[in-house]
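Understanding the architecture of this molecule
Here are the chains, one letter per residue:
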Amino acid sequence: MSDRVPFRGGGFAPVRVRGLGIAVFILLIAFAEWGTQSGWISALTLPKPSDVLGTFVELWNSGLLFKHLLPSLSRLAVGATMGAIVGISVGVMIGLFAYVRAGLVPLVAAIFPIPKIALLPLFVIWFGIDEGSKYALIAFGTFTPTVVATYAAVDNVDRTLIRMGQSFGLSWWSIVRKIVLPGAMPGILSGLRISLTIAIILLVAAEMLGAEYGVGAYILEAGSLYDLERLFAGVVILSVLGVLLSWVIGMLERRVLRWRV
Amino acid sequence: MDLMLNAVTHRYGETDVLRDVSLDIPSGRITCIVGPSGCGKSTLLRLLGGLEQPTEGAVLQVGSAPKGCLNALTYIFQDFALLPWRTVEGNVALVLEDHGLSNQAAIIADVLARTRLTDFAGALPKQLSGGMKQRVAIARALAVNPAVMLMDEPLSALDSQTRELLMDDLVGLWTRTPFTAVYVTHNLAEAVRLGHRIVVLSRRPGEVREIVEIETPLAERAYGDAALEAQQQHLWGLMRDEAAAADAELLNV
């Protein structure tokens, strides 16, 4: 009697499946459209996707889209850039210097869990009700996760490479620049993925106070009028922004981390 | 330039790793250090290159480094220690950049040619086999024109065929331009193949048990040579009981 040996080695390895992600989106939207058209889902529960699309087209045609989007994007860019730059610098310092680590790690741990939105009134007093407080809120929210990710990444740099650098008599600055920073890059980039997403969340929070234009202000206004179509149009803009940012970081990772096995 | 260990004792906390080791490393020859696992041979190498400070005794440099030497004591590591984000050429350049040399490109071209890597100058480490990675590390070490090469089990991460090929490479390099090296290994075949002098350490705390000199020129030592085989048997005789004891000791920890 001879049986074929059963195959047991399949599964567990990540396999790239093209198009499935988009298919899930389309399926969900089609389902919502069908539900709302047939009256199975009431108009108060969920707006019709086609109406949301209509609102979006209207927004585009009236030129209001860019009137809202451009200030939001500039707030996001300025705030997140400030937060990320300061965060990466502080994180690298914590990773390199024992005194900085001992002094700042507890402080970072203390400010990490504070909901930054709760501090918005304080920021308004400190930086004014204009752009300043919005930049500060986004920067502050981006800062903490970036610091934590960066110093963890610096800690994880292969020690044998640093020892190699020392054994060849490389200067301290050369070791930092040519071994520590490139070695920490994967960790820093995956940290940025998280902190930039947090920046988008905080953007909306920042625009809830004293902003005439901005995606956040638009959503807030629609929400208070219970205008679900406009609310959803705003939310879709944020989602697209998130997907775009994640795509940009993915591109960056593929370029900068080509050396990774 | 010679190196000298003067009554070196080294401890980690309460544990003696090396006890009263005195040794000299003559220039132009390869000194192999063998011993059972945990006998402190890698520690000895770190002490020799100044990556660690001995608890007692001193490591001395006798004479000055040759002219044009950029890094007198240069390591070759077991795990290659190549920067994965730099190409073969970039990895060699790394150790030259700080010196601001005008002939950097020429040095790189020369060492890559000597290690037969010229065609792979633009490759990243992830594209290379283990043997090639170690050749890049050897090229990097040659680039700084070292007075003493400190080799920490350089072939232990490689398969046995690659090991044979690399040993031939090392013999070839030494025959063309003799260099000074301290070669730490647990592999006795490597020791009798590459060592002019073999230092046998006892198990922890490591002490010099015996020093064996092998007079046969490196180039004449071949794979499976009977005289070398006899030397290897002799060394194994010295180490066998110690190795067994060291193994049992680890189980008791």
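Residues numbered from 1 in each chain as written. Chains lettered and ligands numbered in written order. Predicted model: local features only at pLDDT ≥ 70, side-chain atom pairs only at ≥ 80, totals over all residues.

What about the overall build of chain B?
Counting its secondary structure elements, chain B contains seven helices and nine strands. Relative to the globule expectation of 18 Å for 253 residues, the C-alpha radius of gyration of chain B, 18 Å, shows essentially globular dimensions. Dimensions of chain B, computed from the C-alpha atoms along their principal axes, are close to 50 × 40 × 35 Å. Within chain B, the proportion of its 253 residues that are buried is 42%. The contacts in chain B between residues at least 6 apart in sequence include a share of 75% that link residues at least 24 apart. (Helix = DSSP H or I, 4+ residues; strand = E, 2+ residues; numbered from the N terminus. Rg over C-alpha atoms; globule rule 2.2 N^0.38 Å. Buried ≥ 20, exposed ≤ 12 C-beta atoms within 10 Å, placed from the backbone. Contact = placed C-beta atoms within 7 Å.)

Overview of the sheet that holds strand β7 (residues 180–184) of chain B
Residue and element names in this part refer to chain B. The sheet built from six strands is open, its strands ordered β5-β6-β7-β3-β8-β9 with mixed pairing. In this open sheet, the two strands that pair with only one neighbour each are β5 (73–76) and β9 (208–213). With strand direction ignored, the average angle separating the axes of adjacent strands in the sheet is 20°. Relative to β7, strand β3 (residues 30–34) runs parallel, the two being bridged by four bridges. Following the sheet pairing, I33 is matched in β7 by V184. (Pairing = 2+ DSSP bridges. Axes fitted to C-alpha atoms, helices over the stretch in contact; angles between N-to-C directions.)

Notes on the interface of chain A and chain B
Residue-level contacts link 15 residues of chain A with 17 residues of chain B. Ranked by residues supplied to the side of chain A that touches chain B, first place goes to helix α7 (residues 159–167) of chain A with five residues. The residue inventory of the side of chain A that touches chain B, partitioned by class, reads eight nonpolar, five polar and two charged. (Nonpolar A, V, L, I, M, F, W, Y, C, P; charged D, E, K, R; others polar.)

Describing the pairing of strand β2 (residues 15–25) of chain B
Residues and elements named next belong to chain B. With seven bridges connecting them, strand β1 (residues 2–12) and β2 associate as antiparallel partners. Looking across to β2, one finds that Y12 is bridged to T15. Counting the residues between successive antiparallel strands, the hairpin from β1 to β2 contains two residues, one of them, G13, with a positive phi of roughly 65°.

Brief notes about the packing of helix α3 (residues 64–96) of chain A against helix α4 (residues 98–111) of chain A
Residue and element names in this part refer to chain A. Their axes nearest at 6 Å, the elements α3 and α4 cross at an angle of 125°. Of the possible angle classes, the one that applies to α3 and α4 is oblique. You can see that α3 and α4 cross each other, and the crossing is left-handed. Note on element contacts: α4 touches α3 through V100, R101, L104 and V105, opposite V90, M93 and I94. Its residues assigned to classes, the contact of α3 with α4 shows six nonpolar, no polar and one charged. (Parallel < 35°, antiparallel > 145°, perpendicular 65-115°, else oblique. Left-handed = near helix turned anticlockwise from the far one by under 90°.)

Section: the confidence of the model for chain B
Residue and element names in this part refer to chain B. On average, residues of chain B carry a pLDDT of 88, and 98% of them reach 70 or more. Within chain B, no element has a lower average pLDDT than helix α7 (residues 226–252), which sits at 79, and none a higher one than helix α2 (residues 88–97), at 94. Across the predicted assembly, pTM comes out at 0.82 and ipTM at 0.86. (pLDDT = per-residue confidence, 0-100.)

Some words on the sheet that holds strand β4 (residues 56–62) of chain B
All names here are of chain B. One open sheet accounts for three strands, arranged β2-β1-β4; its pairing is antiparallel. Each edge of the sheet is formed by a strand with only one pairing partner; in this case those strands are β2 and β4. Taking each pair of neighbouring strands and ignoring which way they run, the sheet shows an average axis angle of 15°.

Here we look at the environment of D158(A)
Relative to the helices and strands, D158(A) resides in the loop between α6 (131–155) and α7. The sequence separation of D158(A) and F232(A) amounts to 74 residues, and the corresponding C-alpha distance is 46 Å.

Some details on the pairing of β1(B)
Looking at chain direction, β1(B) and β4(B) are connected through six bridges and run antiparallel. Across the sheet, N6(B) pairs through a bridge with A58(B), a residue of β4(B).

Focus: the packing of α7(A) against helix α8 (residues 172–206) of chain A
All names here are of chain A. Put simply, α7 and α8 touch, their axes get as near as 10 Å, and they point 170° apart. What the angle tells us is that α7 and α8 run roughly antiparallel. Along its contact with α7, which presents L161, I162 and G165, the element α8 presents I175, I179 and G183.

A short note on the domain arrangement of chain B
All names here are of chain B. Annotation of chain B at the domain level lists domain 1 (2–65 + 147–251) and domain 2 (82–146). In this complex, domain 1 contributes eleven residues to the contact, which on the side of domain 2 involves seven residues. When residues of the side of domain 1 that touches domain 2 are traced back to their parent elements, those giving at least two are β6 (148–152) and α5 (160–176). With five residues, the single largest contributor to the side of domain 1 that touches domain 2 is α5. A class-by-class count of the residues in the side of domain 1 that touches domain 2 yields nine nonpolar, one polar and one charged. (Domains from an automatic or database assignment.)

Focus: the nonpolar core
Counting residues in each nonpolar core, the largest one holds 76 residues, and the members touching the most others are C32(B), A137(B), A139(B), A143(B), V148(B), L150(B) and V182(B). The dominant element in this core, judged by the number of residues it contributes, is helix α4 (residues 130–143) of chain B, at eight residues. Structurally, this core is a two-domain feature, drawing no fewer than three residues from each of domain 1 (2–65 + 147–251) and domain 2 (82–146) of chain B. Of all hydrophobic cores here, the second largest spans 42 residues; its members include F123(A), A139(A), A233(A) and L241(A). (Core = buried A, V, L, I, M, F, W, Y, C linked by C-beta atoms within 7 Å.)

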